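Fold and contact review
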Amino acid sequence: MAERYSRVFSLAENLYTEGAPLLLAAGALLKDSQSGKLVAQLKLKAIGAKAIRAATVRLVPLDSADRPLGEALSYDYLDLNAERDAEFGAKNPIPLPQSSTRAFTAAVTEVIFADKSTWTGPETPWEPLPAQEPLEKALGDWELAKQYRLRFGADTVRMPAAEKDLWFCACGAVNGQAEERCHRCGKARGELLALDPEELKAARDQRLAEERAAREAAEKKAAAERAETQAKAKKTKKVLAITLPILLLLVAGFFLATKVLIPNSRYNKALALAEAGQYEEAIAAFEALGDYKDAPEQIERTRAAQTEARNAEVYANAAALAEAGQYEEAIAAFEALGDYRDAPAQILLTREAQTEARNAEAYAKAQELEQSGALQEAAVAFGSICDYRDARERSFALWEQIAQRETVSAGGCHKVGLLADGTVVAVGDRDKAWGACEVSGWTDMVAVSAGGYHTVGLRADGTVVATKFTGQYYDGQCEVSDWENVVAVSAGALHTVGLRADGTVVAVGWNEYGQCEVSDWENVVAVSAGGSHTVGLRADGTVVATGSNRFGQCDVSGWTNVVAVSAGSFHTVGLRADGTVVATKYTGDQTNNYGQCDVSGWKDVVAVSAGSSHTVGLLADGTVVATKHSGTLLNYGQCEVSGWTNVVAVSAGSYRTVGLRADGTVVAVGLSDYGRCDVSDWRSIKLPN
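Residues numbered from 1 in each chain as written. Predicted model: local features only at pLDDT ≥ 70, side-chain atom pairs only at ≥ 80, totals over all residues. Heavy atoms only, no water.

Each helix and strand counted, the protein chain has 12 helices and 35 strands in total. Taken over the C-alpha trace, the protein chain has a radius of gyration of 38 Å; the compact-globule value for 689 residues is 26 Å, which it surpasses by more than 25%. Overall size of the protein chain, expressed as C-alpha extent along the three principal axes, is 150 × 60 × 45 Å. Per-residue burial over the protein chain gives 48% buried out of 689 residues. Counting only contacts in the protein chain whose residues sit at least 6 apart along the sequence, the fraction spanning at least 24 positions is 50%. (Helix = DSSP H or I, 4+ residues; strand = E, 2+ residues; numbered from the N terminus. Rg over C-alpha atoms; globule rule 2.2 N^0.38 Å. Buried < 20%, exposed > 50% of the residue type's maximum accessible area, 1.4 Å probe, protein only. Contact = heavy atoms within 4.5 Å.)

Structure (structure tokens):
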């Protein structure tokens, strides 16, 4: 946000409600100095054992008197891979429409995990957790903190605590009450939280007493030596009495030694101890000198030097941890230093290094996949780190090779074709197509798909465009303007599906049967939207489906070795790697059964397309095969393709079939009212990959 944005409001740190798998670590309300618009930013931290795939937050904008402004806002964080202790959301601005907003409240309403399970937020408020204090501050004594580390290890940087259903380890990690040991360092919760402060003090006092005893023993030895010297002096007393002047000189010499020479020697020894870093011994030596010279001031200087040395040691250890790639431990160590030197800046640098390391590892893995020939897996891997280096360009280049992209498509009331120059043409019933043929201004297209009453197009930059819907059958199927990093699209009857570069799927539109519930799909390499269901092809050749299964159109769980899929109105077909075709078994009544699933005898097929009541297959020799329509009802000749040759792509729509020839011309059969089959003048249609 830099200098363009000013902070209007800050959310309390580390908001939490019992049972939540994450923390609302921080939040702020920012104002754009150029446009005057307001945005909210949140930083969330995963604290549960399961990786987070998506999260939904609810924000309630407040005015200057903390009164709610309108309805609460909902925002989704999607396509995540937030492992435990990972943070996310800091780079996602959330627009706030009311210009009078001066604060907000926030809560997480739902979390979707990588294993597809969910957590729903309770109605209980999100409240700030008490800040975990650095060890030295909590104990109030360096020696007590030293004793604590002697017992629990040098990586202890904060005071352990239990709050709500969590407990905070001495290493700084957040753990659930059910976890007996810290997930990061392995320390036992019971031992940390049950520590008796008096016991710790007693251990400290015992250690210090032992250190003092050692010093006192040394002093006693010196005293004994002095006593022996004094005894010898008594034996010579008579001699001294005879020579009083000599005795007086000896007395003067003793006074000089005890009051000047000996204290000065001890003072110099204390200075040497401090210089050598033996701070505790130096402090004890200065204390024994009382008010001699500047001993009290030297005690304060020595303590300051001791503190500096300890901080320097922690700083060096933190830097070594960061250098070794132990980023979480390094961050905790830098945090314990507070404002010492550039510790706050080092925290930011360490987090950046951590992100760089993760991205670099993922990038290297993607390269390995590409080099091994696993292009689909490589495309997904590069797509998952689109913002890193040239990952987006490499992902899109791979998808250009492997993605199933239509350049001619038959819809419900119209047909569309993609020209070689990236523009689009369309024919059909313009009254009943609800604007689906309004594609004259489209440019830079690489794929098109015709739905029941709308058309979608994929641009070369990974964005998606849809026709402006003008009729009554609208369920949001054209709301695709915010889609990014999309590599394939498919338009169904009343919904639209997009495949992202990272192998995840997005969908909008009619969702009565769950046909848009694809947010948890992963490793998908092709998608197809049908009448009321959606089908996805995974990189391993298996197939997944969601939506209505009234006619068995979603019964694809046992399919393997599939290389292409197509969803029709009431059935699904898949092309296997050996050129054979599989179709769902029609399980409904016979009202909509016209033999569209009778494909078991097909061979040498290179492409398939499922329509409303028929199925079409492209053979390797450029000819076309279609299912035999089993009745006269709804039979408009859409299966009469036996004479087609030199065809490179096919598309089955509602009672129509269209084929693209190798010379860029198009042929069509079937229901031809309103000019829906008037494609004879189409030229230079883009050939598929």
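Following the sequence through the fold, Ile402 ends up in helix 12 (residues 391-402). Between the C-alpha atom of Ile402 and that of Gln376, which follows or precedes it by 26 residues, the distance is 7.0 Å. Not counting residues up to four positions away in its chain, the partners in contact with Ile402 are Leu375, Gln376 and Ala379.

Let us look at the sheet that holds strand 21 (residues 486-491). The strand order across the open sheet formed by three strands is 21-22-23, and the pairing between neighbours is antiparallel. The sheet is open, and its two edges are formed by strand 21 and strand 23 (505-509), each paired on a single side. Adjacent strand axes in the sheet meet at a mean angle of 20° when their direction is disregarded. Pairing geometry for strand 22 (residues 495-500) and strand 23, over five bridges, is antiparallel. By the bridge assignment for strand 23, His495 is matched with Gly509. (Pairing = 2+ DSSP bridges. Axes fitted to C-alpha atoms, helices over the stretch in contact; angles between N-to-C directions.)

Attention now moves to the packing of helix 9 (residues 327-336) against helix 10 (residues 343-371). Geometrically, a packed helix pair is captured by the angle between its two axes and the distance between the axes. Contact geometry of helix 9 with helix 10 gives a least axis separation of 9 Å together with a crossing angle of 170°. On the basis of the axis angle, helix 9 is roughly antiparallel to helix 10. Across the interface between the two elements, Tyr327, Glu328, Ala330, Ile331, Phe334 and Glu335 from helix 9 touch Ala343, Gln346, Ile347, Thr350, Arg351, Ala353, Gln354 and Ala357 from helix 10. Considering only residue class, the contact of helix 9 with helix 10 consists of eight nonpolar, three polar and three charged. (Parallel < 35°, antiparallel > 145°, perpendicular 65-115°, else oblique. Nonpolar A, V, L, I, M, F, W, Y, C, P; charged D, E, K, R; others polar.)

Attention now moves to the side chain of Gln553. Among the secondary structure elements, Gln553 is positioned in the loop between strand 26 (543-547) and strand 27 (562-567). Residue classification places Gln553 among the buried residues on the basis of a relative accessible area of 1%. In terms of polar contacts, Gln553 uses its side chain to reach the backbone carbonyl oxygen of Ser548, at 3.2 Å. What Gln553 contacts, discounting residues up to four positions off in sequence, is Ser532, His533, Ser548, Ser569, Phe570, His571, Thr572 and Thr584. (Polar contact = N/O pair within 3.5 Å; in protein donor to acceptor, adjacent residues only side chain to side chain.)

Moving on: the pattern of salt bridges. Applying the stated criterion across every chain, the model contains 27 salt bridges. Where Asp205 meets Arg204, a salt bridge forms, and the shortest distance between an N and an O atom there is 3.0 Å. Here the residues in one salt-bridge network are Glu143, Arg207, Glu211, Glu280 and Arg310, joined through shared partners. (Salt bridge = Lys/Arg side-chain N within 4 Å of Asp/Glu carboxyl O.)

This part covers the sheet that holds strand 27. Pairing is antiparallel across the open sheet formed by three strands, whose spatial order is 27-28-29. The open sheet has two edge strands, strand 27 and strand 29 (581-583), and neither has a second partner. On average, adjacent strands in this sheet sit at an angle of 20° to one another, irrespective of strand direction. Judged from the five bridges that link them, strand 27 and strand 28 (residues 572-576) form a sheet pairing that is antiparallel. Directly across from Val565, in strand 28, lies its bridge partner Gly574.

Below, the discussion takes up the pairing of strand 26. The pairing of strand 25 (residues 533-538) with strand 26 spans five bridges and is antiparallel. What sits directly across from Val535, in strand 26, is Ala545. Remark: four residues form the turn of the hairpin made by strand 25 and strand 26, two consecutive strands paired antiparallel; Gly541 in that turn has positive phi of roughly 85°.

The subject of this paragraph is the packing of aromatic side chains. Under the defined criterion, the tally for this structure stands at 16 aromatic pairs. On the basis of an interplanar angle of 75° and a centroid distance of 5.4 Å, the ring pair of Phe9 and Phe104 is categorised as edge-to-face. Residue Phe9 is located in strand 1 (residues 5-11), and its partner Phe104 is located in strand 9 (residues 103-113); the two are separated by 95 residues in the primary sequence. A residue is classified by how much of its surface remains accessible, and Phe9, at 22% relative accessible area, is partly exposed. Ring centres 6.5 Å apart and planes at 85° place the aromatic pair Trp119 and Trp126 in the edge-to-face group. Summarising the burial analysis for this pair, Trp119 and Trp126 share the class buried. The residue whose ring lies beneath Arg389 is Tyr363, and the NZ or CZ to ring-centre distance is 4.1 Å. (Phe/Tyr/Trp six-rings, centres within 6.5 Å; stacked < 30°, edge-to-face > 60°. Lys NZ or Arg CZ within 6 Å of the ring centre and 35° of its normal.)

Turning our eyes to something else, we now look at helix 7 (residues 279-288). Those residues of helix 7 that sit buried are Tyr279, Ala282, Ile283, Ala284 and Phe286. Immediately beyond the C-terminal end of helix 7, within one or two residues, lies Gly290, with a positive phi of roughly 65°.

Before going further, it helps to spend a moment on unusual backbone geometry. One non-glycine residue with positive phi stands out, namely Arg341, at about 45°. Locating Arg341 in the fold gives a position in the loop between helix 9 and helix 10. Judged by its relative accessible area of 53%, Arg341 is exposed. Residue Asp444 is not a glycine yet carries a positive backbone phi of 60°. Looking at where Asp444 falls in the secondary structure, it is placed in the loop between strand 17 (424-428) and strand 18 (445-450). By relative accessible area, which is 51% here, Asp444 ends up exposed.

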